[in-house]
Amino acid sequence: MEALGNFDYESYTNFTKLPSSQWGDQFLKFSIADSDFDVLEREIEVLKPKVRENIFVSSSTDKDAMKKTILSIHFLDSLGLSYHFEKEIEESLKHAFEKIEDLIADENKLHTISTIFRVFRTYGYYMSSDVFKIFKGDDGKFKESLIEDVKGMLSFYEAVHFRTTTDHILDEALSFTLNHLESLATGRRASPPHISKLIQNALHIPQHRNIQALVAREYISFYEHEEDHDETLLKLAKLNFKFLQLHYFQELKTITMWWTELDHTSNLPPNFRERTVETWFAALMMYFEPQFSLGRIMSAKLYLVITFLDDACDTYGSISEVESLADCLERWDPDYMENLQGHMKTAFKFVMYLFKEYEEILRSQGRSFVLEKMIEEFKIIARKNLELVKWARGGHVPSFDEYIESGGAEIGTYATIACSIMGLGEIGKKEAFEWLISRPKLVRILGAKTRLMDDIADFEEDMEKGYTANALNYYMNEHGVTKEEASRELEKMNGDMNKIVNEECLKITTMPRRILMQSVNYARSLDVLYTADDVYNHREGKLKEYMRLLLVDPILL
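Residues numbered from 1 in each chain as written. Predicted model: local features only at pLDDT ≥ 70, side-chain atom pairs only at ≥ 80, totals over all residues. Heavy atoms only, no water.

A. The arrangement of the overall build of the protein in detail. If you tally the helices and strands in the protein, you get 25 helices and 0 strands. By the compact-globule yardstick of 24 Å for 557 residues, the protein fits well, its C-alpha radius of gyration being 24 Å. Put simply, the protein has 557 residues, and 58% of those count as buried. For the protein, the share of sequence-separated contacts (at least 6 apart) that also reach a separation of at least 24 residues comes to 73%. (Helix = DSSP H or I, 4+ residues; strand = E, 2+ residues; numbered from the N terminus. Rg over C-alpha atoms; globule rule 2.2 N^0.38 Å. Buried < 20%, exposed > 50% of the residue type's maximum accessible area, 1.4 Å probe, protein only. Contact = heavy atoms within 4.5 Å.)

B. Broad picture of a negative patch on the surface. A grouping of Asp401, Glu402, Glu405 and Glu478 is seen on the molecular surface, where their side chains present a negatively charged patch. A total of 3 residues in the negative patch trace back to one element, the largest contributor, which is helix 18 (residues 400-410). Inspection of the secondary structure puts Glu402 in helix 18. On the basis of relative accessible area, Glu402 is assigned to the partly exposed category, the value being 35%. (Patch = residues over 30% accessible without salt bridge, like charges linked within 9 Å, V, L, I, M, F, W, Y side chains within 5 Å. Areas by Shrake-Rupley, 256 points an atom, 1.4 Å probe, with all protein chains shown as cover. Salt bridge = Lys/Arg side-chain N within 4 Å of Asp/Glu carboxyl O. Lys, Arg positive; Asp, Glu negative; His and termini not counted. Charge placed at Lys NZ, Arg CZ, Asp CG, Glu CD.)

C. Representation of the packing of helix 15 (residues 319-331) against helix 17 (residues 369-394) within the structure. At a minimum axis distance of 9 Å, the contact between helix 15 and helix 17 shows a crossing angle of 165°. Classified by the interaxial angle, the pair formed by helix 15 and helix 17 is roughly antiparallel. Along this stretch, helix 15 crosses helix 17, giving a crossing that reads as left-handed. On helix 17, the residues touching Ile319, Val322, Glu323, Ala326, Leu329 and Glu330 of helix 15 are Phe378, Lys379, Ala382, Arg383, Leu386, Val389, Lys390, Arg393 and Gly394. Split into classes, the residues belonging to the contact of helix 15 with helix 17 amount to 8 nonpolar, 1 polar and 6 charged. (Axes fitted to C-alpha atoms, helices over the stretch in contact; angles between N-to-C directions. Parallel < 35°, antiparallel > 145°, perpendicular 65-115°, else oblique. Left-handed = near helix turned anticlockwise from the far one by under 90°. Nonpolar A, V, L, I, M, F, W, Y, C, P; charged D, E, K, R; others polar.)

D. Examining the domain arrangement of the protein more closely. What the domain assignment lists for the protein is domain 1 (42-236) and domain 2 (262-552). The straight-line distance from the C-alpha centre of domain 1 to that of domain 2 is 32 Å. Each partner contributes to the interface: domain 1 provides 26 residues, whereas domain 2 provides 25 residues. Interface area, domain 1 with domain 2, both sides summed: about 2,500 Å², of which 62% is carbon and sulfur. Interface area lost by domain 1 to domain 2 is led by Arg209, Ile211 and Gln212, which between them contribute 25%. Taken together, the links from domain 1 to domain 2 amount to 2 salt bridges. (Domains from an automatic or database assignment. Buried area = accessible area lost by both parts, 1.4 Å probe.)

E. Local environment of the packing of helix 15 against helix 16 (residues 342-365). Contact geometry of helix 15 with helix 16 gives a least axis separation of 10 Å together with a crossing angle of 20°. Here helix 15 is positioned roughly parallel relative to helix 16, judged by the angle of their axes. Once helix 15 is placed against helix 16, the crossing between them reads as right-handed. The segment helix 15 lies against helix 16, with Glu321, Val322, Leu325, Cys328 and Leu329 engaging Met344, Ala347, Phe348, Val351 and Met352. Residue composition of the contact of helix 15 with helix 16, grouped by class: 9 nonpolar, no polar and 1 charged.

F. Region of interest: the pattern of salt bridges. The tally for this structure, following the rule as stated, stands at 34 salt bridges. Notably, a salt bridge pairs Asp171 with Arg163, separated by 2.7 Å at the nearest N-O pair. Note on Arg163: relative accessible area 14%, which makes it buried. For the salt bridge of Asp496 with Lys492, the shortest nitrogen-to-oxygen distance reads 3.4 Å. Here Asp496 pairs with Lys492, and both are found in helix 23 (residues 483-507), just 4 residues apart, close to one helical turn. A single network of salt bridges, built from pairs that share partners, joins Arg163, Asp171 and Lys499.

G. Spatial organisation of the nonpolar core. Phe132, Phe281, Leu329, Tyr358 and Phe378 are the most contacted members of the largest nonpolar core, which totals 196 residues. Among the elements that make up this core, the one with the highest residue count is helix 12 (residues 231-261) (15 residues). A domain split of this core shows at least three residues from each of domain 1 (42-236) and domain 2 (262-552). If we ignore the near neighbours within four places in the chain, the residues touching Phe281 are Ile211, Leu214, Val528, Val535, Leu543, Tyr546 and Leu550. (Core = buried A, V, L, I, M, F, W, Y, C linked by side-chain atoms within 4.5 Å.)

H. A look at helix 20 (residues 430-437). Residues of helix 20 that are buried: Ala432, Phe433, Trp435 and Leu436. Relative to the axis of helix 20, the buried residues are bounded by an arc of 155° and lie together on one face. Among the structural elements, helix 17, helix 19 (413-422), helix 21 (441-465) and helix 24 (513-530) are those in contact with the buried residues of helix 20. Looking one or two places after helix 20, you find Arg439, whose phi comes out positive at around 55°. (Arc of directions from axis to C-beta.)

I. Inspection of the packing of aromatic side chains at higher detail. This model, assessed by the stated rule, comprises 29 aromatic pairs. Ring plane angle 55° and centroid distance 5.1 Å describe the contact between Tyr219 and Phe222, whose orientation is recorded as tilted. Placement of the pair is Tyr219 and Phe222 together in helix 11 (residues 212-223), with a separation of 3 residues, close to one helical turn. A relative accessible area of 7% means that Phe222 is categorised as buried. Centre to centre, the rings of Phe369 and Phe433 are 6.3 Å apart; their planes meet at 85°, and the pair counts as edge-to-face. With a gap of 64 residues between them, Phe369 in helix 17 and Phe433 in helix 20 connect regions that are remote in the sequence. Residue Phe369 is classed as partly exposed on the basis of its relative accessible area, which comes to 23%. (Phe/Tyr/Trp six-rings, centres within 6.5 Å; stacked < 30°, edge-to-face > 60°.)

Next up, the structure:
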C-alpha cells in the first residue's frame, strides 16, 4: 500500500496518554493533507468492485445464493461498509423478501435464521419472529442442544433486541440466550478468544443498540480472526476505517479550534469543563459515514451550546435570570440582550453566534428553510429549561408523567434529532422536519427514554446538589417506593420503550429510511452514553476506552 503522505499517525495516537484535559490541545498540533485522504480513497475504490461482484453478482433464483447474499449484507453492516453498497443491498433484500417463505422453508440452522431475521428487521422488513418456533421442543422450551452452537446462540441473542411489543417468543429467548452466553463470556465455558470478546461486547451493548462506528471497529478485530474470512472484504473494511479515522481527526481539530477561538470561552464559569471531545463523540453516534463530516461538526457545536445553556440555567442562574434568558431566546432578537447579565448573557451570545454560522451554511446549500425549524426546536429547549428550573427550585412538584414529557424536550432530544437531519444535506427535506415537529410516537418515546436514562445516571449527583427535578425522585415520591424499587420500574419502562422504537420503525412508511435511522441512531446513542457509565460527564471512564478503540488501537493491513 502507498504510504500515507506526511500524515503523522503516531503523534495523533498519543493523545489518550495525556491527561484528558489536554486532549483537545493535542488535536490542534497536527494537519492532514488532502493526499492522505486521496491515497486511501484510491485503494478503497479499487476493492469495491471486487466486493460488489463477490456478494451481489449471483443467481437471483438460487435460494442458497440469496441466503449467502443476506449473510454477506450482515458482514457489510457489521464492518461499517454498507453505505458503499446501499443500492445493491436495497435491491437484493427487496427481491429476497418477496420469496421469504421459500427462502427459509428448509432452513434449520439457528445462526442462519437469526442473522437473516436481523438483516430484514434492520432494513425495515417485518419478518415474523414465529420463525424461531422451530427451535423449541415438545415441552415448549428452546432445545438444550442449541447451547452447543455458540455463534448461533450469539446471533439469536442479537436478534432478540429487534423485538417489538408482540414478539413474545423473543422475550423468552432473552433469558435463554443470556444465561448461556454469560458463562462463555466469563470463561466458565471454553470458546476461542475472539468469539469470547464478541460475546462480551454484545452483553455490554448488543449490536442493534450500539453505534455503528464502535460496532465496525470491534467487528474488524473479530472478523480477521475468523478462519474463513474473506481477505478482500477484510482489507476493504480496514482501509475504510482508516479513511474514517482521518475524517475524525480532522473534525476533532476543527471543533477544538472553533471552541478555543470563541470570545465566549473567556467568560465561562470556573467549574465549566469544555467538552469538545464528548460532543464530537455524541455527533459521531448520529452518523459515522465520511459524507456527513460537516453534519458531525454542526451537531457537536450544537451540543456544546446546549451543554452550556443547561449548566447556566441549572447551576448559575436564578429563576428570574433564566426567565429573562428564555424571553430573549423566544424573541430571538440580539437587541434584547442588554436585559441579560453574566452567564445568561454569555449563553445568549453563544446561541446567536452558532445560529449565524448555521444560517450561512444553510444559505450556501440552498436550504434556508431549515434554520426556522432549528430555531423553533431550540426555543423549546429554552422554555422547558425554565419549566424544570421552576420545578426544581420553586416548590412545584409535577406528576411523573408530566415531568417525563417536559424533560424529554428540555434535555435536547428533539433539537438533537433535528440537527442530525440538518446535517444530512439534501436528504433532510422539509417533510422530515415537519414529521419531527409533529412529534410522532417514535420521537416522543425517545424523549422519554432520554429523560429516564439521564436521570437514573445522575440521581445521586442531583440529590447531592439539592436538584429535585429528577425522574427517579418524582417516581419514588409519587408511588411511595424505595430507590431500588423505582429503579427497577424505570428500567422496565426503558425496556418497553426499546420495543416500541423497534415497532414504530417497522410501521412508519412515509419517511425515507435514512431519516428513520437518525431516530434509531439517537436511541443507540443513549445506550452508549448511559450503559455502565455516564460517558458524557466522566472522561476517564468508558469515554477514554471508546476513544482509544476508535482512534488509537492500530489497524494493521
